[in-house]
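Notes for the structure review
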There are 2 protein chains.
Amino acid sequence: MLAAADVLQKRGYEATTMKDIAAAVDLTAASLYHHFRNKDELLLGVLEAGLETVLVRFEPILKAEVPPEEKLRRMIREHVVGVAQNTSVGAAMVFEIRSLISAADRTISGLGKLSAEERAAFLARRDAFFARRDVFEESFRQVIRDGISAGVFRPVDVPIFVNTLLGAHNWVGVWYKSGGRLSGEAIASQMAETFLRALMK
Amino acid sequence: MLAAADVLQKRGYEATTMKDIAAAVDLTAASLYHHFRNKDELLLGVLEAGLETVLVRFEPILKAEVPPEEKLRRMIREHVVGVAQNTSVGAAMVFEIRSLISAADRTISGLGKLSAEERAAFLARRDAFFARRDVFEESFRQVIRDGISAGVFRPVDVPIFVNTLLGAHNWVGVWYKSGGRLSGEAIASQMAETFLRALMK
DNA sequence: GTCATAATCGAATGTGGATTTGATTATTCT
DNA sequence: AGAATAATCAAATCCACATTCGATTATGAC
């Protein structure tokens with residue numbers, strides 16, 4: 001799946017062939033079908049794994065007994081560092097979401113391929129992914145609401161602010177190149193500073 | 001090209017067929033080839049037009065005799081409002097850049113299609129687009145440098161800050177739905193406020 | 001060592017979609 | 001009107017995939 005993420009980052013979902021992905025792990029395209037039912041499930045696997053990784057790393061932060069501003073700072077750092085460490089998955093999270101959204105239509109149009117049950121199972125799994133993603137985003141919204149209630153953050157429109165924040169984070173996967181002038185950590189710190197200053201009273 | 005942008009936003013470059021685009025303007029796929037040499041040039045046309053629109057709107061702002069903080073505020077508003085007004089083009093600017101980057105490879109692999117001269121012409125036009133995009137991004141960097149020199153902005157890492165800013169802006173094209181709770185103007189104001197607070201000393 | 005199962009591959013299969021071709025039909029210009 | 005040019009289309013071409021099939025080769029259990 002990591003290899004797939006790499007190829008996906010370079011070429012994009014539709015342009016990436018099963019052969020490309022297979023070549024990246026020294027296999028033939030046919031062999032991939034022992035491990036993934038089809039191309040859509042492979043993509044979904046990539047995204048699921050990436051999202052769960054971040055969610056796991058967020059757990060200790062969210063339950064820590066620290067003030068909202070410190071919590072948010074840690075979340076931003078963790079997310080940005082995560083994206084920078086694995087830009088291929090980060091970029092997939094940005095670019096390939098849409099393939100997933102329209103997967104329903106495409107699957108339906110290419111009917112005959114999958115059975116009704118298989119299709120339903122896939123869509124359910126996809127929706128579960130989106131639900132998990134919302135859990136992730138909601139954790140940011142909650143921390144910011146807490147900070148506003150506590151009076152340490154100025155009152156902002158929380159959904160807009162979080163979209164702003166996440167746009168900046170996601171974009172890191174697009175422009176960050178490891179080995180560049182700054183480390184992922186350094187970038188994460190800068191961004192945390194930026195958004196905390198924007199938020200503090 | 002606007003119709004193409006719409007279809008592109010929904011389906012993505014590779015998944016969008018010439019037939020889809022043609023249908024959006026009540027034509028057949030074949031007819032499109034009277035107006036665009038091929039699919040890549042159509043995409044490039046969409047992106048070029050979108051970028052030039054923003055660049056034109058930036059001109060008066062950049063030459064205005066106002067302090068850096070006011071200049072930046074206007075630029076942010078203009079850009080965000082522009083993206084919100086035309087999310088399809090905004091989203092294309094985010095999602096389809098990669099198709100353009102890898103266009104060289106794809107074109108080369110599908111050799112026999114284009115002549116060497118046609119290929120060179122296309123690549124030159126593509127590079128010109130990226131150069132224009134850099135002009136756009138550089139204008140943000142310059143204003144921020146000016147503000148730092150003038151002592152009104154705190155010293156930040158300018159490239160990182162601008163990437164942060166542009167990530168947030170671009171993302172608007174992904175999540176904004178017209179007719180939602182807030183207008184593009186309102187969102188633009190919020191975002192300008194966020195980034196100016198992050199920057200002011 | 002043998003059997004079952006997992007992995008792998010080479011060679012089809014079938015299809016969707018970009019692009020071309022060769023007319024046919026509008027427009028425009030004079 | 002009549003010629004020249006622009007737009008349009010239906011049908012054909014052509015090929016790059018995703019996916020399947022059948023057979024072959026590891027691997028692991030006992």
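Just above, that's the structure.
Figured I'd write up the structure that's included with this text. Keep in mind that what you see is a predicted model, and the values were worked out from it rather than measured. (Residues numbered from 1 in each chain as written. Chains lettered and ligands numbered in written order. Predicted model: local features only at pLDDT ≥ 70, side-chain atom pairs only at ≥ 80, totals over all residues. Heavy atoms only, no water.)

So, the overall build of chain A
Along the backbone of chain A there are 11 helices and 0 strands. For chain A, the α and β elements follow one another from N to C terminus as α-α-α-α-α-α-α-α-α-α-α. Taken along its principal axes, the extent of the C-alpha atoms in chain A is 60 × 40 × 25 Å. Here chain A holds 201 residues, and 50% of them are scored as buried. Taking the intrachain contacts of chain A between residues at least 6 apart in sequence as the baseline, contacts between residues at least 24 apart amount to 70%. Of the accessible surface of chain A, which amounts to about 9200 Å², a share of 55% is contributed by carbon and sulfur atoms. (Helix = DSSP H or I, 4+ residues; strand = E, 2+ residues; numbered from the N terminus. Buried < 20%, exposed > 50% of the residue type's maximum accessible area, 1.4 Å probe, protein only. Contact = heavy atoms within 4.5 Å. Areas by Shrake-Rupley, 256 points an atom, 1.4 Å probe, with all protein chains shown as cover.)

Topic: the nonpolar core
Of all hydrophobic cores here, the largest spans 127 residues; its most connected members are Leu-72 and Phe-140 of chain A together with Leu-72 and Phe-140 of chain B. Sequence-distant contacts of Phe-140 of chain A, defined by excluding residues within four places in its chain, comprise Phe-58, Leu-72, Met-75, Ile-76, His-79, Val-162, Leu-165, Leu-166 and His-169 of chain A. (Core = buried A, V, L, I, M, F, W, Y, C linked by side-chain atoms within 4.5 Å.)

Quick notes on the protein's contact with DNA strand D
Around DNA strand D there are 14 residues in total, and Met-18 of chain A together with Thr-28, Ser-31, His-34 and His-35 of chain B lie nearest to it. For DNA strand D, the fraction of protein-proximal atoms (within 4 Å) that sit in sugar or phosphate groups is 68%. Here Lys-39 of chain A contributes a side-chain N or O atom positioned 2.9 Å from a phosphate oxygen of DNA strand D. For DNA strand D, a phosphate oxygen lies 2.8 Å from a polar atom in the backbone of Thr-28 of chain B. (Near = heavy atom within 4 Å. Polar contact = N/O pair within 3.5 Å; in protein donor to acceptor, adjacent residues only side chain to side chain.)

Let's talk about helix α4 (residues 39-63) of chain A
All names here are of chain A. Under the 1.5 Å per step criterion, the end-to-end length of α4 is 37 Å for 25 residues, consistent within 8% with the ideal 36 Å. Along α4, the sharpest change in direction is near 25° and occurs at Arg-57; proline Pro-60 comes one to four residues later. In this structure Asn-38 caps α4, since a side-chain oxygen of it lies 3.1 Å from the backbone nitrogen of Asp-40. (Expected span 1.5 Å × (residues − 1). Bend = angle between axes of the 7 residues up to and from the residue.)

What to know about the interface of chain A and chain B
Across the boundary between the two partners, chain A contributes 36 residues, which contact 36 residues of chain B. Looking at the side of chain A facing chain B, the largest losses of area belong to Arg-98, Ile-160 and Trp-171 of chain A, adding up to 21% of the total buried there. For the interface between chain A and chain B, the tally reads 4 salt bridges. Where chain A touches chain B, the interface holds 6 residue pairs in polar contact (both at pLDDT 80 or more). (Buried area = accessible area lost by both parts, 1.4 Å probe. Salt bridge = Lys/Arg side-chain N within 4 Å of Asp/Glu carboxyl O.)

Digging into the relation of the copies chain A and chain B
Think of it as a corkscrew move, a rotation about one axis and a shift along it, taking one chain copy to the other. Relative to chain B, chain A is turned by 180° and slid 0.0 Å along the rotation axis, the superposed coordinates differing by an RMSD of 0.0 Å. What the superposition gives is, in effect, a two-fold axis relating one chain to the other. The fraction of interface residues of chain A whose copies in chain B are also interface residues reaches 100%, indicating that both copies meet through the same surface. (Least-squares fit on C-alpha atoms with pLDDT ≥ 70 in both.)

Quick notes on the pattern of salt bridges
Residues and elements named next belong to chain A. A full pass over the atoms with the stated rule returns 34 salt bridges over all chains. Salt-bridge contacts for Asp-20 lead to Arg-11; the nearest nitrogen and oxygen are separated by 3.6 Å. Take Arg-11: its relative accessible area is 36%, and that puts it in the partly exposed class. A cluster of three or more residues bridged by salt bridges with shared partners is formed by Asp-134, Glu-137, Glu-138, Arg-141 and Arg-145.

What about the packing of aromatic side chains?
Between two aromatic rings, the relevant description is the distance of the centres plus the angle of the planes. Summed over the entire model, instances satisfying the criterion amount to 12 aromatic pairs over all chains. Measuring from ring centre to ring centre gives 6.0 Å for Phe-161 of chain A and Phe-195 of chain A, while their planes differ by 85°; the resulting arrangement is edge-to-face. Of this pair, Phe-161 of chain A sits in helix α10 (residues 158-175) while Phe-195 of chain A sits in helix α11 (residues 184-199), and the two are 34 residues apart along the sequence. In this pair, the class of Phe-161 of chain A matches that of Phe-195 of chain A, namely buried. Grouping aromatic residues by their ring pairs yields a cluster made of Phe-161 and Phe-195 of chain A together with Phe-161 and Phe-195 of chain B. (Phe/Tyr/Trp six-rings, centres within 6.5 Å; stacked < 30°, edge-to-face > 60°.)

Comments concerning the protein's contact with DNA strand C
If you check the shell around DNA strand C, you find 14 residues, and the closest are Thr-28, His-34 and His-35 of chain A together with Met-18 and Tyr-33 of chain B. Taking the atoms of DNA strand C that fall within 4 Å of the protein, sugar and phosphate contribute 70% of them. The separation between a phosphate oxygen of DNA strand C and a polar main-chain atom of Thr-16 of chain B is 3.1 Å. Of the residues belonging to the surface near DNA strand C, the class tally is 5 nonpolar, 7 polar and 2 charged. (Nonpolar A, V, L, I, M, F, W, Y, C, P; charged D, E, K, R; others polar.)

Side note on the packing of α11 of chain A against helix α10 (residues 158-175) of chain B
Contact pair α11 of chain A / α10 of chain B: the axes reach a minimum separation of 10 Å and the direction vectors enclose 65°. The way α11 of chain A lies across α10 of chain B gives a crossing that is right-handed. Between α11 of chain A and α10 of chain B, the residues in contact are Ile-187, Gln-190, Met-191, Thr-194 and Phe-195 of chain A and Ile-160, Phe-161 and Thr-164 of chain B, respectively. Its residues placed into classes, the contact of α11 of chain A with α10 of chain B shows 5 nonpolar, 3 polar and no charged. (Axes fitted to C-alpha atoms, helices over the stretch in contact; angles between N-to-C directions. Left-handed = near helix turned anticlockwise from the far one by under 90°.)

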